[in-house]
Amino acid sequence: MLRMRHLSIALLLVLLMATRGLAADAPPPIVFVHGNGDSAALWITTIWRFESNGYDPSRLFAMNFPNPVSRSDDTKPQPNRSGTADQLAALAARIAEIRASTGAPRVALMGSSRGGNSIRNFIRNAGGAAVVSHVVLCGVPNHGVWATDRDLNNEFNGRGPFLAGLNAGDEIQPGVRFMTIRSDLNDKYAQPDGRFIGRPGEPTNVTAEGPELRGATNVVLRGLDHREVAFHRLAFKKMYAFITNREPERLSIAPEPRPVLTGTVSGWADRAPTNLPLAGATVEIFQVDPASGRRLGEVVHRQTTGAAGVWGPFAAADEAYYEFVIVAAGYPTTHVYRTPFPRSSRHVHLRLRPLDESERGAGSVVTLTRPRGYLGHGRDTFTIDGKVPDGVPAGVPTASEARARFPESPPRSVRVVLNGEALGVLTYPLDGGHVVIAEFHR
């Protein structure tokens, strides 16, 4: 009897040690950190790819900074814009919440563009090295968008006190694995000439190698642009292998039969986009014909946002095309047509923008938007109503949107195409307070 009791205790200890070992070997929770002016919504497809390769969805998180646009001068308050200290405080608080809820001793951090500044600030200046296992920095201007004596207090000046402090001595910290992902020549914020930041002919003292860090695993993805090095499937492949030490089984997104979608509505303040929740906005969703954009029946979801700005949840069909119609005081009625949602997401954020008064009298305007990448002539195929829209610069991709104007007429179908995907949308009168957006995941 005593021997059996000893065997039972020994077996219990073995099981306990095995369980602890599994927990220790489990991949860390991942916190995705968006860039300047962006939101957590940009990480939707990356999160879907992690889930499609078996990563536990309850360990995947995305930051949503309230005021995502940086100050002109990091030392001076600016309405509805954030400084580096604001970003650091928000990120540190979110990481503490995630560690408490998951019980994980360490997290992995992935940052796009400005999001990497906050990550590096947290690790170097707020004790983050003790609670972070991996860092992936995608298109992060680690050595500045420019590095001159002009605007020294700007967060993106490589000679300024913020970045100079992060880069002093060792550029990475012991105990944390670092990887950078950059473009070869297509990152508009890693260019030797200032024309992409409104300073043509002015040397920036920054090159394509600017996003790299000494001592990190530095990866180059040729031909991708500033956003794609974070959100493209090839960027995901590098991220996944870095975190898990194995290649992903698939780069495509595995569909779910009944995705559940939710998110928040936000807007603009003081001429800057924000992620602050917008109360009192009414969201209606219609299923539409993908070829024409015409509605297939009555509204399938309707909700008015409360103080938290939440518009969901909504159970969608994984192959359906939808029109989101958002009505809120102070904004035009916004019609957002979306390509299908193959999986659930809690980051389907709807940001309203003020009416562009310069476009009044244009009849109708249709905007093609690609949040996770830019539009490159010769690299991407993009048309509105069968024509390549004007206003997209040639060379290094710099624009994520393109617009086409249509004369005043009854609503008609317009076909919008991006790299083999197509959306049918309907025109609505701009002077009647309507804007039309065709949004693509890829």
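Please read these numbers as outputs of a predicted model, since none were measured by experiment. Along each chain, residues carry numbers from 1 onward, in the same order as the chain's sequence is written. Confidence filtering applies because this is a predicted model: local features only for residues at pLDDT of at least 70, side-chain atom pairs given and counted only at 80 or more, and all residues used for totals across whole chains, interfaces and linings. To get the side-chain values, take all heavy atoms of the structure and skip hydrogens and water.

Draft legend 1. Region of interest: the environment of Ser118. Secondary structure is summarised from DSSP: a helix means a run of H or I of at least four residues, a strand means a run of E of at least two, and numbering begins at the N terminus for each. The residue Ser118 is located in helix 4 (residues 114–125) in this model. Separated by 76 residues in sequence, Ser118 and Leu42 have C-alpha atoms that sit 17 Å apart.

Draft legend 2. Main features of the sheet that holds strand 2 (residues 60–62). Strands were regarded as paired on the criterion that DSSP finds at least two bridges between them. With parallel pairing, the six strands of this open sheet are ordered in space as 2-1-3-4-5-8. The open sheet has two edge strands with one neighbour each: strand 2 and strand 8 (217–221). When strand polarity is set aside, the average angle formed by the axes of neighbouring strands in this sheet is 15 degrees. Alignment of strand 5 (residues 177–183) against strand 8, held across five bridges, turns out to be parallel. Directly across from Ile181, in strand 8, lies its bridge partner Val219. Whenever a helix is involved, its axis is fitted only over the stretch in contact; in every case the axis is a line through C-alpha atoms, and angles between N-to-C directions fall within 0 to 180 degrees.

Draft legend 3. Geometry of the nonpolar core. Buried Ala, Val, Leu, Ile, Met, Phe, Trp, Tyr and Cys residues form a nonpolar core when they are joined through side-chain atoms within 4.5 Å. Relative accessibility under 20% of the residue-type maximum defines a buried residue, over 50% an exposed one, and the middle range a partly exposed one, all with a 1.4 Å probe and only protein chains included. Counting residues in hydrophobic clusters, the biggest one holds 28 residues, and the most contacted among them are Ile30, Phe32, Phe50, Met110, Ile181 and Met239. Per element, the largest residue contribution to this core is six residues, and it comes from helix 7 (residues 233–244). Excluding residues within four positions of it along the chain, Ile30 makes contact with Phe50, Tyr55, Arg59, Leu60, Phe61, Ala108, Met110 and Ile243. Throughout, a contact is declared for two residues whenever any of their heavy atoms are within 4.5 Å.

Draft legend 4. How the structure looks around the side chain of Asp73. Relative to the assigned elements, Asp73 resides in the loop between strand 2 and helix 3 (84–102). Buried and unpaired, Asp73 has Lys76 as its nearest opposite-charge partner, separated by 4.1 Å. Here a polar contact is recorded for every N or O atom pair within 3.5 Å, except that within protein the pair must consist of a potential hydrogen donor and a potential acceptor, and residues adjacent in sequence are included only if both atoms are side-chain atoms. At 2.5 Å, the side chain of Asp73 and the side chain of Thr75 are in polar contact. Apart from the residues within four sequence positions on either side, Asp73 is in contact with Gln78 and Asn153. Charge convention: Lys and Arg are scored as positive, Asp and Glu as negative, and His as well as the terminal groups of each chain are ignored. Salt bridge, as used here, is a side-chain nitrogen of Lys or Arg placed within 4 Å of a carboxyl oxygen of Asp or Glu.

Draft legend 5. Geometry of the pattern of salt bridges. Within the structure shown, the criterion is met by 27 salt bridges. Taking the shortest distance from any N to any O, the salt bridge between Arg159 and Asp149 comes out at 3.5 Å. Here Arg159 is found in the loop between strand 4 (132–138) and helix 5 (161–167), whereas its partner Asp149 is found in the loop between strand 4 and helix 5, with 10 residues between them in sequence. For Glu401, the salt bridge is made with Arg403, and the minimal N-O distance between the two is 3.3 Å. A residue is classified by how much of its surface remains accessible, and Glu401, at 22% relative accessible area, is partly exposed. Note on Arg403: relative accessible area 32%, which makes it partly exposed. Via salt bridges that share partners, Asp225, Glu228, Arg370, Arg379 and Asp380 belong to a single interconnected network.

Draft legend 6. Quick peek at the packing of aromatic side chains. Any pair of Phe, Tyr and Trp rings, taking the six-membered ring for Trp, is counted once the centres come within 6.5 Å. Such a pair is stacked with planes under 30 degrees apart, edge-to-face with planes over 60 apart, and tilted for the rest. The final tally for this structure, using the stated rule, is 11 aromatic pairs. Centre to centre, the rings of Phe50 and Phe236 are 5.0 Å apart; their planes meet at 85 degrees, and the pair counts as edge-to-face. Of this pair, Phe50 sits in helix 2 (residues 44–52) while Phe236 sits in helix 7, and the two are 186 residues apart along the sequence. Here the two residues Phe50 and Phe236 agree in accessibility, since each one is buried. The rings of Phe32, Trp43, Phe50, Tyr55, Phe231, Phe236 and Tyr240 are connected pair by pair, giving a single aromatic cluster. Arg177 extends its terminal NZ or CZ atom over the ring of Phe242, reaching a point 4.4 Å from the ring centre. Here Arg199 stacks its cationic end above the ring of Trp146, 4.4 Å away from the centre of that ring. Over a ring means this: the NZ of a Lys or the CZ of an Arg is within 6 Å of the ring centre and within 35 degrees of the ring normal.

Draft legend 7. Representation of the packing of helix 2 against helix 7 in the model. Remark: helix 2 packs on helix 7, axes separated minimally by 10 Å, with the N-to-C direction vectors making an angle of 50 degrees. Considered as vectors, helix 2 and helix 7 are oriented oblique to each other. Note on packing geometry: the crossing formed by helix 2 with helix 7 is right-handed. When helix 2 is examined against helix 7, the residues Thr46, Arg49 and Phe50 are found in contact with a partner set consisting of Arg233, Phe236, Met239 and Tyr240. The class makeup of the residues in the contact of helix 2 with helix 7 is four nonpolar, one polar and two charged. If an angle is under 35 degrees, it is roughly parallel; if it is over 145, roughly antiparallel; if it lies from 65 to 115, roughly perpendicular; otherwise it is oblique. Here a crossing is taken to be left-handed if its near helix is turned anticlockwise relative to the far helix by less than a right angle, and right-handed if that turn runs clockwise. Residue polarity follows a fixed list, in which Ala, Val, Leu, Ile, Met, Phe, Trp, Tyr, Cys and Pro are nonpolar, Asp, Glu, Lys and Arg are charged, and the others, Gly among them, are polar.

Draft legend 8. Broad picture of the sheet that holds strand 23 (residues 421–426). If you walk across this open sheet you meet the three strands as 20-22-23, and the pairing is antiparallel. Across the chains shown, the open sheet's two edge strands, defined by having one partner strand only, are strand 20 (382–384) and strand 23. Taken over all neighbouring pairs, the strand axes of this sheet differ in orientation by 15 degrees on average, direction set aside. Of the strand pairs in this sheet, strand 20 and strand 22 (residues 413–418) are connected by three bridges, and their pairing is antiparallel. Bridge assignment links Ile384 to a residue of strand 22, and that residue is Val416.

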